[in-house]
Amino acid sequence: QVEHPVSELVSGVNLPAALMCVGMGIPLYRIPEVRSLYGEEPYGEKKIDFDNVPQLPPKCHCIAVRVTAEDTEAGFRPSQGKVDEISFRNSKQCWGYFSVGNGGGVHNFADSQFGHIFSTGATREEARRGMVWALKNITVRGEIKVSYGYVLELLNKPEFRECEINTAWLDKLIADNATRPKDEQIHPALCAAAVYRALAKVNDNVQKYNSFLSAGHTPAKELLADTVTETFVFYGQKYTLTCGRSSNSEYQLTLNGTQITVPCREMSTGALQLRIGGSNVVAYCEAENDSIRVTINGQAITLTGESDPTKLKTAVSGKLVHFLVPDGGHVEEGQPYAEMEVMKMILPLKSTVAGTIALRAAPGSTVATAQLLAEIEPDDPSKVSRPQEDTAPWPAHMTAGADADAGVAKVRNAIDGLWQVMNGFYCHTLPAGEFIENCLADLSGLSSADVTLSALNRSYLVAEGAAETSDAKVSTVVSALLNKFMEIESNFDGLTRVEAIEALKAKHTKDKVLDAKAIFALDFAQSKREIRIEAVHSLMKWIGKEKALIAACQESLSSLAGKHYGGSAGRALLQARYLIKHGARIDAAKTTVAPDAAAFESWRLENYDTKTIVTNAGNVQVVFAEPKKVDGKKVSPLDRRLFVRSVFSPADFDVPQWSEIDEVLSGHIMDLCVDTISFAQDKQLTKTAFNVLFMNVTELTLDPKVIYALLKSEVFHAYAKKMLRLGFREVEIKFHSRTKAGTTGAECTTVQRAILSNPTGYALSMKIYEEVVGADGKISLKATDGSEALLQKYSTLSGLQLKRLQAAAAGTTYAHDWPALLQSSVEKRWHQYVKAGEVAGLTKDKVPKNVFEATQMHVVDPTNANTTLVDGAPAGGKPVGMIVWRCTLSTPAYFDGVTGETATREIVCVANDITVQSGSFSVLEDVVFKAASDYARANKLPFIYLSANSGARLGLCDELKSVFRVARSGNSLEYLYVTPAEREELVGKGVVMAGEEITVDGEKRFRISDIVGKQADHLGVENLQGSALIAGHMSLNYNTIPTLSVVSGRSVGIGAYVNRLGRRVIQTKDSPMILTGAAAINRLLGKEVYSGNTQLGGNSIMQPNGVTHWPAENDADALSVALRWLDFVPARTDAAACTPRSIIMPQVDPVDRDVTFAPTKKGEPYDPRYLVAGNPEGSQLGMFDKGSFQESLSDWARTVVTGRAALGGTPCGVILVETRPQQKFDPADPADPTSSASFASQAGQVWYPDSARKTADALADFDKERLPCFIMANWRGFSGGMRD
């Protein structure tokens, strides 16, 4: 047997050698080692009487341990798999051998033993101790499970030490589970397993992120996740842990509401070095199918996942010999149901549940680990054993842990916490705000002389030659934190995530090598942007508490204040600017006297049911309001509003009574309001819109001129954007103003009220009233024209306001607000011309009083496809989600400097109303679109389509929705039905449906097979026919008159097709043109491939592929671009003539001036746009009027440049040849992970398929616009090759 070395060690006889001698015929008494065993001379010849001569006493005691691949927690079941590492050192006392080496394995046909260890000693106890030492120092890592940890437990038991053992003792230990790991061993194993899983997840995410990035994809946000929740089961106890990174080398582990911090380091051996409760732990983790094995100090603990006991799976691979129970038979709990052959053993497989068995594998087949063999339908599901949830927290010794130097450690931990938050790490159980405040409070320790920058020992706290004064230390810490914030924020501000990542790829590519790790770190930090910004806001408040801190941090504050971030980060800049200008910040919460309740004018909210949200400010009330229900009518979510009521007095700002409010102080008031609103909205999760801010400024004066100045300031624009994002559409300011009274000229103070409103989100208006208190105590508002009106309660939102909110939620302008927005755009264009002051005769008084007029038109009969348009809005009837206007414009381009008159022009505008059936197209909308097209073509007018829709309508029958019933068979749906009486009523309402009458259990039913609905509702396929109608008419429009589409919000299906058929497209930011939404495609693919619709059809897609001619920031910007294009287009087009009207540009450029730009040398690359527009850097002038060039399709087919420009005022089309080499970018397909982004070099002066198409499209556009076309012809020809 394999234990023969034991006999050899205690006897000194080499047994194999002795056997060989015997086999050779040598007598035992002549074998030297045998002679020595009996006390004779080794090489003597004297015969030995083996029956009567005793052996010498044993040389030593020896203990042998077999190292086997067996799972001791599963009845010593054989285990097989790879072996990554075997480490064992022989010594004088212990030695061993192994049949498997590093990188080997134990296969399922092998014996389970693969190693043997022997320990000797003068006494049995010495031998035992030697074996304990040997087993503690052996390492076996891999897929196999090993037994030596179990044996180590046996060796340490008192019975073994006293040699009071037998097989019955061992059987009892196995039955009692006596070698189960102790509780103090389980928790470190749980920590190691959770960290191992989290680390594996993070590493896998980083690898995938880098792969996607390198291939040209935008990695999904889910790859930035750094928190995992794991469930482990051990001996019937279920442990649920949450593990997240708090830094690159620390993890936060949460168990039943308690949290510990575990630093972790990956060792070269693959082990994890963890620090748990102040102790270092080295853990080896091996992941298996549904479990993880953790080995710490030689003790292996296997943690399994939560599994279904009714699904019987094999725990090892091997051969399924046969089933012991037939399919459909009954098994008891613990009864063997099958036998497997595993590693020369027959292994019985036992059922864990009593019930009926269904076999799922074939006898005689080879089965893999975790393969399903059978399923059990339990006799009593309530008796199925499930693991019990462990509810105990982390042990006390694991949550304890303190540094030797508590002062330095406390500050270091605080700085580390803030630094990691700035880097995007946060997974604490504390709310982020509370954690940040705690860290800031601990920074007070920087004032201690013992806490030095060198003692803090942090590489990011580098300050060359910095003194160790309190101020210098605070300045260094604040500078490091703010610099990290700005470093990250500057890469993402004002950009979508897709745009930012593209910019980062260009920035972090050196010598064609992409630094994906750096991009991941920045993207990860940005994914926690709100927490990072919260940290900066809290840091600003902390600095603002003391003037000494402000002075110490001046440099850092100035650096932040000089940035131009938007959004919530912009508030941090305003805080910094305020601290620099105004000194220590005084929070509203410090108000000494609470404002009088009447000062909030709460009586004006009586039309609403209100709830005041508790905030951190006593003089700012945030009230959540819902309209009072009338007749039990449900309140629309759009009706919910916030009313913010604030009162400010000199005590709030430590300024004298009746001080004048300046720009800085007004900014501070807004800052306090915005802070409080943001705080309240964090607590009030219900979304609100059309919110109102009321500010009552008492015992302070405000000059109305200051308000007008503020409207033009950068500070105001930052707040205005923030307030719009927070859903505010009205700001009301009650203030005192110094004025001169009547004829005496004496100075007096009047109460005035400024009301700023922006209902559309684009046009801000302000009116200032004087308050007049009547004899009855009621307040009237007196306007500048002398009219008065009583101050009223806030009314509930009107239908118009609700529709505006509905449109804003879809990212577009309410359809009926487009004319006002167009008028605003025309007025801004006039202002631009007047301000330039270059056009002869054009002064402010020459601007027409009415620069824009829109006349709504409607169809006579929307059910007739051949109907015509007439002036006026439709009179009642079914709402139609398509609006038409005939617009009359007086633009400055048509100004005549000689006469001082401005000619007018007309256009036809068609807009989807997104508030009618989500802007979808039914037959009614299609008829209106066709009629508008007919009208525009008949009158030769430009046709502008304002596109915000959801494609063709697939509707539901509302009448049937409220009455239909469902017939079920078990869990399956069989059919829909109504009662005969309900059917009669529906037919009477005009609802068409098909089916048959049936009787079920005596009940008569009408089983529905087809639903048509009301004919006039247009619910189905007829809308697709209408889609074909408008597609044909838009195509005809393009071939007859100038067409332009403005994409706002979204354009889906036929809406996107119509835009493309009209050819010229202006697309606003975040307004995709798609056929199917990202959510639907992701569901189809079963994973999140597309992060949003803009990734399918946004600007970043539609510009490079030649669909979008011009990008725009928003709807107002889009209309400005459209007006520029209209300047080039004739007022009326004539297919037989090319007579463009001369136009005026803001910059006067004489037609007889010289063209001063020319390429410097023959063959030297240059920007061809300089030929048209000149070189602004060299003050060189091009061939066309200065400032007139409007390029189109700038991001597509870059070897050709196209656009429009004026030549002596004459609109022209321009086609230029790019002489410089260009890179054509072919993006990766997000739906295909194997695809890669690529760049193809395109030579200058060569037509490629895309640039040839661009040239042809431009020629077609200019032809339809009846513009003369200039081609700067400098081509060498077409590209060659089979592909092109």
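Keep in mind that what you see is a predicted model, and the values were worked out from it rather than measured. Residue indices follow the written sequence of each chain, beginning from 1 at its first position. Selection of residues for local features in this predicted model requires a pLDDT of at least 70, selection of side-chain atom pairs for listing and counting requires 80 or more, and totals for whole chains, interfaces and linings are taken over all residues. For the side-chain quantities, the full set of heavy atoms in the structure was used; hydrogens and water were omitted.

**Quick word on the environment of Gln388**
Stated formally: For the purposes of this entry, the term helix denotes a DSSP run of H or I that reaches at least four residues, the term strand denotes a run of E that reaches at least two, and both are numbered from the N terminus. What makes two residues a contact is simply this: any of their non-hydrogen atoms within 4.5 Å.
Tracing the chain through its elements places Gln388 in strand E25 (residues 388-389). In the structure, Gln388 is positioned 154 residues away from Phe234 in sequence and 9.9 Å away in space, judged by C-alpha atoms. In contact with Gln388, not counting residues within four places along its chain, are Gly236, Gln237 and Lys238.

**Examining the packing of aromatic side chains**
Two measures describe an aromatic ring pair: the distance that separates the ring centres and the angle between the ring planes. In plain terms, the rule: Pairs were defined over the aromatic rings of Phe, Tyr and Trp, the Trp ring being its six-membered one, requiring ring centres within 6.5 Å. Orientation was assigned from the angle between planes: stacked under 30 degrees, edge-to-face over 60, tilted for the rest. Any residue under 20% of the maximum accessible area for its type is buried, any over 50% is exposed, and the rest in between are partly exposed; the area is computed with a 1.4 Å probe on protein chains only. When the NZ atom of lysine or the CZ atom of arginine is within 6 Å of a ring's centre and also within 35 degrees of its normal, the charge is said to sit over that ring.
By the definition in use, this model includes 23 aromatic pairs. Taking 5.1 Å as the distance between ring centres and 80° as the angle between the ring planes, the aromatic pair formed by Tyr38 and Phe50 counts as edge-to-face. Taken together, the residues Tyr38 in the loop between helix H3 (32-37) and strand E1 (61-68) and Phe50 in the loop between H3 and E1 connect sequence positions twelve residues apart. Centroid distance Tyr97 to Phe118: 6.5 Å. Interplanar angle 25°. Geometry classified as stacked. Of the two residues, Tyr97 sits in strand E5 (residues 94-98) while Phe118 sits in strand E7 (residues 113-121), which places them 21 residues apart along the sequence. Owing to a relative accessible area of 1%, Phe118 belongs among the buried residues under this scheme. The aromatic ring of Phe160 is capped on one face by Arg124, whose charged end is 4.7 Å from the ring centroid.

**Looking at the sheet that holds strand E8 (residues 139-142)**
Threshold: Note: two strands are recorded as paired if DSSP finds a minimum of 2 bridges between them.
Taken in spatial order, the three strands of this open sheet run E6-E4-E8, and their pairing is antiparallel. The sheet terminates laterally at strand E6 (105-106) and E8, the two strands that pair on one side only. As paired elements, strand E4 (residues 81-87) and E8 share four bridges and run antiparallel to each other. Pairing of Ile86 across the sheet is with Val140, part of E8.

**Quick word on a negative patch on the surface**
Under the convention used in this document: Each patch is assembled from residues with relative accessible area greater than 30% and no salt bridge, linking like charges that lie within 9 Å and nonpolar side chains (Val, Leu, Ile, Met, Phe, Trp, Tyr) that lie within 5 Å. We get accessible surface area from the Shrake-Rupley algorithm with a probe of 1.4 Å; when it comes to residues, only the shown protein chains can shield them. Salt bridges, as used here, are contacts in which a Lys or Arg side-chain nitrogen is within 4 Å of a carboxyl oxygen on Asp or Glu. Charged-residue counts in this description rest on Lys and Arg as positive and Asp and Glu as negative, His and the chain ends being excluded. Taken as the charge location is NZ of Lys, CZ of Arg, CG of Asp or CD of Glu.
A cluster of acidic residues, Glu332, Glu377, Asp379 and Asp380, forms a negative patch at the surface. Along the chain, Glu377 turns up in strand E24 (residues 372-378). Using a relative accessible area of 60% as the deciding quantity, one classes Glu377 as exposed.

**Notes on the sheet that holds strand E21 (residues 345-350)**
Across the sheet, four strands lie side by side as E21-E20-E18-E23; this open sheet has antiparallel pairing. Of all the strands in the sheet, the pair left with one neighbour each is E21 and strand E23 (366-367). In this structure, strand E18 (residues 318-323) lies alongside E23, joined through two bridges in antiparallel fashion. For Gly318, the partnering residue across the bridge sits in E23 and is Val367.

**Focus on the pattern of salt bridges**
Taken as a whole and judged by the stated rule, the model has 57 salt bridges. With a closest N to O distance of 3.2 Å, Arg1005 and Glu1003 form a salt bridge. When its relative accessible area of 13% is taken as the criterion, Arg1005 is described as buried. Put simply, Arg1253 and Asp1257 hold a salt bridge, and the shortest N to O gap is 2.9 Å. Note that Arg1253 and Asp1257 are positioned in helix H35 (residues 1249-1265) at a spacing of four residues, about one turn of the helix. The exposure class of Asp1257 is buried, given its relative accessible area of 9%.

**Digging into a nonpolar patch on the surface**
Where nonpolar side chains cluster on the molecular surface, the patch consists of Met20, Met24 and Ile26 and spans about 330 Å² of accessible area. With relative accessibility at 57%, the residue Met20 sits in the exposed group.

**Quick notes on the confidence of the model for the protein**
Parts of the model with low pLDDT should not have their predicted coordinates read in detail. Where we set the bar: Looking at any residue, its pLDDT shows the predictor's confidence there, from 0 to 100.
Considering every residue of the protein, the mean pLDDT works out to 86; 94% of them sit at 70 or more. Low pLDDT, under 50, characterises residues 585-592; the predicted model gives this stretch 26 contacts beyond four residues in sequence or across chains.

**Observations regarding empty space enclosed by the protein**
Heads up, the rule is: Here a cavity denotes grid points, spaced 1 Å and computed from the protein atoms alone, that fit a 1.4 Å probe unable to get out, and a pocket denotes an open set having protein on both sides within 12 Å along at least 5 of 7 lines; residues with an atom within 4 Å of a point are the lining. Grid points are joined across faces, edges and corners, and a volume is the space filled by probe spheres set on the points.
Taken as a whole and judged by the stated rule, the model has six cavities of 30 Å³ or more. Of the volumes computed, that of the second largest cavity is approximately 70 Å³. Residue lining of the second largest cavity: Val140, Arg141, Gly142, Lys145, Val146, Tyr148, Tyr284, Glu286, Arg293, Thr295 and Ala300, and that is the complete set. Listing elements by their share of the lining of the second largest cavity, those giving two or more residues are E8, strand E14 (279-287) and strand E15 (291-296). Top contributing element to the lining of the second largest cavity by residue count: E8, with three residues.

**Some points on the nonpolar core**
What counts is decided by this rule: Here, the term nonpolar core denotes a set of buried Ala, Val, Leu, Ile, Met, Phe, Trp, Tyr and Cys residues that are joined through side-chain atoms within 4.5 Å.
Core analysis: the largest hydrophobic core is formed by 49 residues, its most contacted members being Ile543 and Leu560. Broken down by secondary-structure element, the contributors of at least two residues to this core are helix H10 (406-422), helix H11 (432-442), helix H12 (453-456), helix H13 (470-489), helix H16 (529-544), helix H17 (547-552), helix H18 (554-561) and helix H19 (567-582). Each residue touching Leu560, except ones within four places of it in the same chain, is listed here: Leu482, Phe485, Met486, Val536, Met540, Tyr565, Ala572, Leu573 and Ala576. With 41 residues, the next largest nonpolar core counts Tyr894, Leu1119, Val1129 and Ile1143 among its residues.

**Thoughts on helix H8 (residues 183-214)**
Note the cut-off: The length a helix should cover is 1.5 Å for every residue beyond the first.
In this model H8 runs 47 Å from its N-terminal to its C-terminal C-alpha over 32 residues, within 8% of the 46 Å that 1.5 Å per residue would give. Looking one or two residues beyond H8, the residue adopting positive phi is Gly216, at roughly 95°.

**Here's the deal with the state of the cysteines**
Note the cut-off: Cysteine sulfur pairs qualify as disulfides if the two atoms are within 2.5 Å.
All chains considered together, the criterion is met by zero disulfides. Cys243 supplies the cysteine sulfur nearest to Cys264, a cysteine that is in no disulfide, at a spacing of 8.9 Å. Lacking any disulfide linkage, Cys439 is separated from the closest cysteine sulfur, that of Cys427, by 13 Å. Using a relative accessible area of 6% as the deciding quantity, one classes Cys439 as buried.

**Section: unusual backbone geometry**
Although it is not a glycine, Glu601 adopts a positive phi angle of roughly 55°. For Glu601, the position within the fold is in the loop between H19 and strand E28 (608-613). A positive phi angle, near 50°, is found at Gln917, a position not held by glycine. For Gln917, the location among the structural elements is in the loop between strand E40 (905-912) and helix H25 (923-938). We classify Gln917 as partly exposed; its relative accessible area is 49%.

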